Structures are given as structure tokens and as C-alpha cells.
Amino acid sequence: MSAATAPLLDAAGIRALVPHAGRMALLDTLQAWDATTIRCTATGHTAPDHPLRSAGGLLAPAAIEYAAQAAALHGGLIAAASGSAAGAGVRGGMLASARSVQFHRWRLDDLPGPLTITAERQAGDARQWLYAFTLTHGGQPVADGRLTVVLEPEIPT
């Protein structure tokens, strides 16, 4: 994975490439990406008003949403690099499944400092993507698994 294929992005740059908005845009920085892999960071997991937080805190299954957003950003970066998303808006998708997910801890909100989210595209086409993901904190595993994203149909212009 090489950071040289694209400049690093901050939260505003990420929001321009994903369909997530407002408080549900969870990623803070793009660290690196290439044709198959992306690595991002997030720091909002400790916020008391996190949109996925329950009465018990921000529980580990929220890691799946972080991974899905990394996959969405990866798709946006690939589309922008190919010229298909330039000025065309963000194509939406839906998390269709999460498989073989392992949580290595109960909560995310008690982790100080950034989370690192890595997603690697395993397969995909114009309709769906399959990614393997890992979420780590300070080099220690937090969650890992696979997810499938089904994309909205492209509307001809």
C-alpha cells in the first residue's frame, strides 16, 4: 500500500467522497491507500454524543460501521482516480452482510487515542464489494472480519 497514489485526506476531504454525512461520518484521516487496500484513522469513538453510542457505551459492533465507511471511502477514491466520480456526486451503497467478525474487546469508547481501520478489497464489481477488515488501537486488535457492500445502481446521465 502506498500513500503516493493519492494525497492524504482530512475529514472534510473524506466527506466529499463518501455518502456519510454529519455525525455519521466517522473517519478522520486517510493514512494510505492503493488499488486494493485502505488505511484510515478515527478519533470520535470517545465522544459522549457518538451517534452509535448506547446506554452501555460505544460497543464493539460499531467497528463494523467504521470498516464499512473505510470501504466506501476506498470505492470513492477508486472512482475519483478513474475520473468517474469527478463532480458526479457520491454513489451510495448498503452494508449487506458482515461475516466471520471477531471482537477482541467489549467497547470502543474506553480506548484513548485513534483507532486504525484497514480494509482490503477481496472481490467486487460494479454492483457489490467484498472487503476483509481490521480495526486496531495502538497496534492491538479490536475487531476483524469481512463485509459485503451492495451499491446503488448507476443512473445514466
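Residues numbered from 1 in each chain as written. Predicted model: local features only at pLDDT ≥ 70, side-chain atom pairs only at ≥ 80, totals over all residues. Heavy atoms only, no water.

1. Considering the sheet that holds strand S2 (residues 37–42)
Here is step 1 of the chain: Pairing within the open sheet is antiparallel, and its six strands lie in the order S1-S2-S4-S5-S6-S3. The sheet terminates laterally at strand S1 (29–33) and strand S3 (93–103), the two strands that pair on one side only. Neighbouring strand axes in the sheet, compared pairwise and without regard to direction, differ in orientation by 25° on average.
Here is step 2 of the chain: Judged from the 10 bridges that link them, strand S5 (residues 128–137) and strand S6 (residues 140–151) form a sheet pairing that is antiparallel. The residue of S6 that forms the bridge with His 137 is Gln 140.
Here is step 3 of the chain: Packing of helix H2 (residues 62–82) onto the sheet brings it into contact with S1, S2, S3, strand S4 (115–124), S5 and S6, and relative to S5 it is tilted by some 125°. (Pairing = 2+ DSSP bridges. Helix = DSSP H or I, 4+ residues; strand = E, 2+ residues; numbered from the N terminus. Axes fitted to C-alpha atoms, helices over the stretch in contact; angles between N-to-C directions. Contact = heavy atoms within 4.5 Å.)

2. Some points on H2
Here is step 1 of the chain: With 21 residues, H2 extends 31 Å from end C-alpha to end C-alpha; this agrees with the ideal 30 Å at 1.5 Å per step.
Here is step 2 of the chain: Counting buried positions over the 21 residues of H2 gives 17, a clear majority of the element.
Here is step 3 of the chain: Downstream of H2 by a residue or two, Gly 83 has a phi angle that is positive, lying close to 85°. (Expected span 1.5 Å × (residues − 1). Buried < 20%, exposed > 50% of the residue type's maximum accessible area, 1.4 Å probe, protein only.)

3. Topic: the confidence of the model for the protein chain
Here is step 1 of the chain: When pLDDT is averaged across the protein chain, the result is 89; 89% of the residues are at 70 or more.
Here is step 2 of the chain: Overall, residues 2–7 carries pLDDT values under 50, and its contacts beyond four positions in sequence, including any with other chains, amount to nine contacts. (pLDDT = per-residue confidence, 0-100.)

4. Here we look at the nonpolar core
Here is step 1 of the chain: Formed by 37 residues in total, the largest nonpolar core has its most connected members in Ile 38, Tyr 66, Leu 73 and Leu 135.
Here is step 2 of the chain: Elements represented by at least two residues in this core include exactly S1, S2, H2, S4, S5 and S6.
Here is step 3 of the chain: The element contributing the most residues to this core is H2, with 11 residues.
Here is step 4 of the chain: Residues in contact with Leu 73, not counting those within four places in the same chain, are Leu 9, Ile 14, Leu 17, Val 18, Leu 27, Leu 30, Ile 38 and Cys 40. (Core = buried A, V, L, I, M, F, W, Y, C linked by side-chain atoms within 4.5 Å.)

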